Amino acid sequence: MALEAKNLSFRYARNLPWVLENRSLRVEEGERLGLFAPSGYGKTTLAMVLSGYLQPTRGEVLLDGKPLPMTGVCPVQLIYQHPEKAINPRWRLRKVLEESGQLDEAVLGAFGIEPAWLDRFPRELSGGELQRFCVARALMSGCRYLICDEISTMLDVITQAQIWNVVLSEAEKRNMAVIAVTHNRHLAQRICTRTVDLSE
Amino acid sequence: MRRMNRRTRVLMLTLVMALLLAAVYLAGLLVPEEAVASHFMEARQAPSLTHLFGTDTLGRDLFWRTIKGLSVSLTVGIAASGISAVVAVLVGIAAAVGSKRVDGVINWVIDLVMGVPHTILVLLISFALGRGLTGLLVGIACTHWCSLARLIRGEVMQLRSQQYVAVSRRLGKSSGWILIHHLLPHLVPQFFVGLILLFPHAILHEASISFLGYGLPPEQPAIGIILAESMNYLSAGMWWPAVFPGLTLVAIVLLIDRLGDNLRKILDPYSAQE
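The rules behind each value
- Residues numbered from 1 in each chain as written.
- Chains lettered and ligands numbered in written order.
- Predicted model: local features only at pLDDT ≥ 70, side-chain atom pairs only at ≥ 80, totals over all residues.
- Heavy atoms only, no water.
- Helix = DSSP H or I, 4+ residues; strand = E, 2+ residues; numbered from the N terminus.
- Rg over C-alpha atoms; globule rule 2.2 N^0.38 Å.
- Buried < 20%, exposed > 50% of the residue type's maximum accessible area, 1.4 Å probe, protein only.
- Core = buried A, V, L, I, M, F, W, Y, C linked by side-chain atoms within 4.5 Å.
- Contact = heavy atoms within 4.5 Å.
- Polar contact = N/O pair within 3.5 Å; in protein donor to acceptor, adjacent residues only side chain to side chain.
- Phe/Tyr/Trp six-rings, centres within 6.5 Å; stacked < 30°, edge-to-face > 60°.
- Lys NZ or Arg CZ within 6 Å of the ring centre and 35° of its normal.
- Axes fitted to C-alpha atoms, helices over the stretch in contact; angles between N-to-C directions.
- Left-handed = near helix turned anticlockwise from the far one by under 90°.
- Nonpolar A, V, L, I, M, F, W, Y, C, P; charged D, E, K, R; others polar.
- Parallel < 35°, antiparallel > 145°, perpendicular 65-115°, else oblique.
- Pairing = 2+ DSSP bridges.
- Salt bridge = Lys/Arg side-chain N within 4 Å of Asp/Glu carboxyl O.
- Expected span 1.5 Å × (residues − 1).
- Buried area = accessible area lost by both parts, 1.4 Å probe.
- pLDDT = per-residue confidence, 0-100.

**Some words on the overall build of chain A**
Move 1: Summing up its helical and strand segments, chain A has six helices and nine strands in all.
Move 2: Over its C-alpha trace chain A gives a radius of gyration of 17 Å, about what one expects of a compact globule, namely 16 Å for 200 residues.
Move 3: Considered along the principal axes of its C-alpha atoms, chain A spans approximately 50 × 35 × 35 Å.
Move 4: Here chain A holds 200 residues, and 53% of them are scored as buried.

**Examining the nonpolar core**
Move 1: Grouped together as the largest cluster of nonpolar side chains are 72 residues, with contacts concentrated most on Leu35(A), Phe133(A), Leu146(A) and Trp164(A).
Move 2: Element by element, the count of residues in this core is highest for helix 4 (residues 127-140) of chain A, at eight residues.
Move 3: Residues in contact with Leu146(A), not counting those within four places in the same chain, are Gln77(A), Ile79(A), Ala138(A), Leu139(A), Val167(A), Met176(A), Ala177(A), Val178(A) and Ile179(A).
Move 4: Counting residues in each nonpolar core, the second largest holds 25 residues, with Ala88(B), Val91(B), Ile93(B) and Ala149(B) among its members.

**Some points on the environment of His118(B)**
Move 1: As for its position among the elements, His118(B) is in helix 4 (residues 118-128).
Move 2: Within polar-contact distance, the side chain of His118(B) engages the backbone oxygen of Thr143(B) at 3.1 Å.

**Overview of the packing of aromatic side chains**
For any pair of aromatic rings, geometry is given as the distance between the ring centres together with the angle between the planes.
Move 1: One pass over the full model with this rule turns up 11 aromatic pairs over all chains.
Move 2: For the pair Phe63(B) and Trp64(B), a centre-to-centre distance of 5.0 Å together with 70° between the ring planes defines the contact as edge-to-face.
Move 3: On the accessibility criterion, Trp64(B) (33% relative accessible area) is partly exposed.
Move 4: Aromatic ring contacts, followed pair by pair, group Phe53(B), Phe63(B), Trp64(B), Trp239(B), Trp240(B) and Phe244(B) into a single cluster.
Move 5: Sitting over the face of the ring of Trp18(A), Arg11(A) holds its NZ or CZ atom 4.2 Å from the ring centroid.
Move 6: One Lys or Arg, Lys173(B), reaches over the ring of Trp177(B) and ends 4.8 Å from the middle of that ring.

**Considerations on the packing of helix 2 (residues 62-97) of chain B against helix 8 (residues 175-212) of chain B**
The packing of two helices is summarised by the inter-axis angle and the distance between the axes.
All names here are of chain B.
Move 1: At a minimum axis separation of 7 Å, helix 2 and helix 8 run at an interaxial angle of 145°. Two packed elements cross with a definite hand, and for helix 2 against helix 8 that hand is right-handed.
Move 2: By residue class, the composition of the contact of helix 2 with helix 8 is 17 nonpolar, five polar and one charged.

**Regarding the packing of helix 2 of chain B against helix 5 (residues 132-143) of chain B**
Residues and elements named next belong to chain B.
Move 1: Interaxial distance between helix 2 and helix 5 falls to 8 Å at its minimum, and their mutual angle equals 40°. Put simply, helix 2 runs oblique to helix 5. Of the two elements, helix 2 crosses helix 5, and the hand of that crossing is right-handed. Listed contacts from helix 5 to Val76, Ala79, Ala80, Ile83 and Ser84 of helix 2 are Leu133, Leu137, Ile140 and Ala141.

**Structural notes on the sheet that holds strand 3 (residues 32-36) of chain A**
Residues and elements named next belong to chain A.
Move 1: With parallel pairing, five strands are arranged side by side in an open sheet as 6-7-8-3-9. Every interior strand has two partners, whereas the edge strands, strand 6 (76-79) and strand 9 (194-197), have only one. Averaged over all neighbouring strand pairs, the angle between strand axes comes to 15°, with direction disregarded.
Move 2: Looking at chain direction, strand 7 (residues 145-149) and strand 8 (residues 177-182) are connected through five bridges and run parallel. Bridge pairing in strand 8 places Leu146 opposite Val178.

**Concerning the pattern of salt bridges**
Residue and element names in this part refer to chain B.
Move 1: Within the structure shown, the criterion is met by 17 salt bridges over all chains.
Move 2: Linking Asp56 and Arg65 is a salt bridge whose minimum nitrogen-to-oxygen distance equals 4.0 Å.
Move 3: When salt bridges with common partners are traced through the structure, they connect Asp56, Arg60, Arg65 and Glu229 into a single cluster.

**Points about helix 4 of chain A**
Residues and elements named next belong to chain A.
Move 1: For helix 4, built from 14 residues, the straight-helix expectation of 20 Å at 1.5 Å per residue is met to within 8% by its first-to-last C-alpha distance of 20 Å.
Move 2: For helix 4, the buried fraction is high: 13 of the 14 residues fall into the buried class.
Move 3: Downstream of helix 4 by a residue or two, Gly142 has a phi angle that is positive, lying close to 75°.

**Description of the interface of chain A and chain B**
Move 1: Counting from both sides, the interface comprises 25 residues of chain A and, opposite them, 17 residues of chain B.
Move 2: Considering only the surface of chain A that becomes buried against chain B, Tyr53(A), Arg90(A) and Glu99(A) emerge as the three largest contributors, covering 34% of it.
Move 3: Remark: the boundary between chain A and chain B carries zero salt bridges.
Move 4: At the junction of chain A with chain B, the criterion picks out 11 residue pairs in polar contact (both at pLDDT 80 or more).
Move 5: Its residues placed into classes, the side of chain A that touches chain B shows 11 nonpolar, eight polar and six charged.

**Quick notes on the sheet that holds strand 4 (residues 58-63) of chain A**
Residue and element names in this part refer to chain A.
Move 1: Taken in spatial order, the four strands line up as 2-1-4-5 in an open sheet, and their pairing is antiparallel. At either end of the open sheet lies a strand with only one pairing partner, and these are strand 2 (20-28) and strand 5 (66-67).
Move 2: Contacts from helix 1 (residues 43-50) reach strand 1 (2-10), strand 2 and strand 4 within the one sheet, and its direction differs from that of strand 2 by about 60°.

**A short note on the environment of Pro89(A)**
Move 1: For Pro89(A), the location among the structural elements is in the loop between strand 6 and helix 2 (93-98).
Move 2: Under the relative-accessibility criterion, Pro89(A) is labelled partly exposed at 48%.
Move 3: C-alpha separation for the pair Pro89(A) and Phe121(A), spaced 32 residues apart in sequence, amounts to 6.9 Å.
Move 4: Here Pro89(A) is in contact with Phe121(A), Pro122(A), Tyr164(B) and His186(B), once residues within four sequence places are set aside.

**Concerning the confidence of the model for chain B**
Residue and element names in this part refer to chain B.
Move 1: Residues with a pLDDT of 70 or more make up 97% of chain B, whose mean pLDDT is 88.
Move 2: Across chain B, the secondary-structure element scoring lowest on mean pLDDT is helix 11 (residues 269-272), at 66, and the one scoring highest is helix 3 (residues 100-115), at 94.
Move 3: Here the predicted complex carries an ipTM of 0.89, next to a pTM of 0.82.

What follows is the structure, encoded as structure tokens:
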């Protein structure tokens, strides 16, 4: 039971340089992996390939030995760096959450999402508040692998700690794997059981 | 007035315009035949209090005839721009969502239709379909969807590349679900504003094609027909059959144009917050 990347290579177009070259990675279920690299080393690209948003140019992504499912709810969910782009600006937040299934009161409570926020539009909430919705949405889809692409970079330290606490405790509870993509080596060491440095 | 903000003022103005248009339309439908019948004793009268726009050579009251003509124009405008706008949305979405080949074919057709002058195309289609109301309607509807379709295609392409659409796909939503819940709501303002801005085009084309004699039949009270008849007597000093119906047509077209502009101000998120 693992998410595996085998000899991944990726480039955005034929005439552009390789972003990922021959990269292999294995994440066991329940493991917490930190992906660490400076800017421009393809962290986000790797996250998007692993979660099926992008198709690898060469190599493959395997989930439990099979290719990632292209239809249905993907067991590998990605959370983006900018929550305001990942939420339809015309939807009330209740609808945003319901897109991934039934509202889960326990998750909402854990993230400190107040019931009144559910009837607001994304414009009316701050970035940190929106990011909680994005994480809650991913968790409520019942995913088994959660890829966090610098989800706390734009948050203040208190909110960072709050979000990571919930993510880690939920991961523990569900035996869910977390892949944390970050610039912050200390954060990676603090929350992850293993770290990989892409620049090496 | 001071206490109202700009949005409320625009809203009120739009409402008044819409009411005015509805009044003209209804008046045209409800005017009895008697009001536009011929009275040869009263032929060729200049504008007066009894005949606001004067009478024509057959002694028909030009004011009521103009109102009836405008009503016909509005009917043509509503139907033609409605069909055009729906076609535009369907074609625009098909081009943006479909394969590269579909997109290529649709763009080619848009270029083709836009490349031929509208008036000639409407004239040909209307003539081929035996003139009359249907010929005009089909002709105008067939030629006016292009620019809106292009706009919608661009909009859909931009929406489709949004992150929340990609997220929705990974949450297991089908393309149809995404189209209905994510894409279409964003197109509503474009659709309505496009619809209303097509309106004056449709009306002007109806009038010009009728004026040229390839549209509505001569017995129908239409602005184009009235203007065409008035040309014969203009050199004889009868200026009123040309001036008043022409001016009301311009007024109505400007009114609808302003209405569309105001509606855009209300619906467009950039100006809606003012």
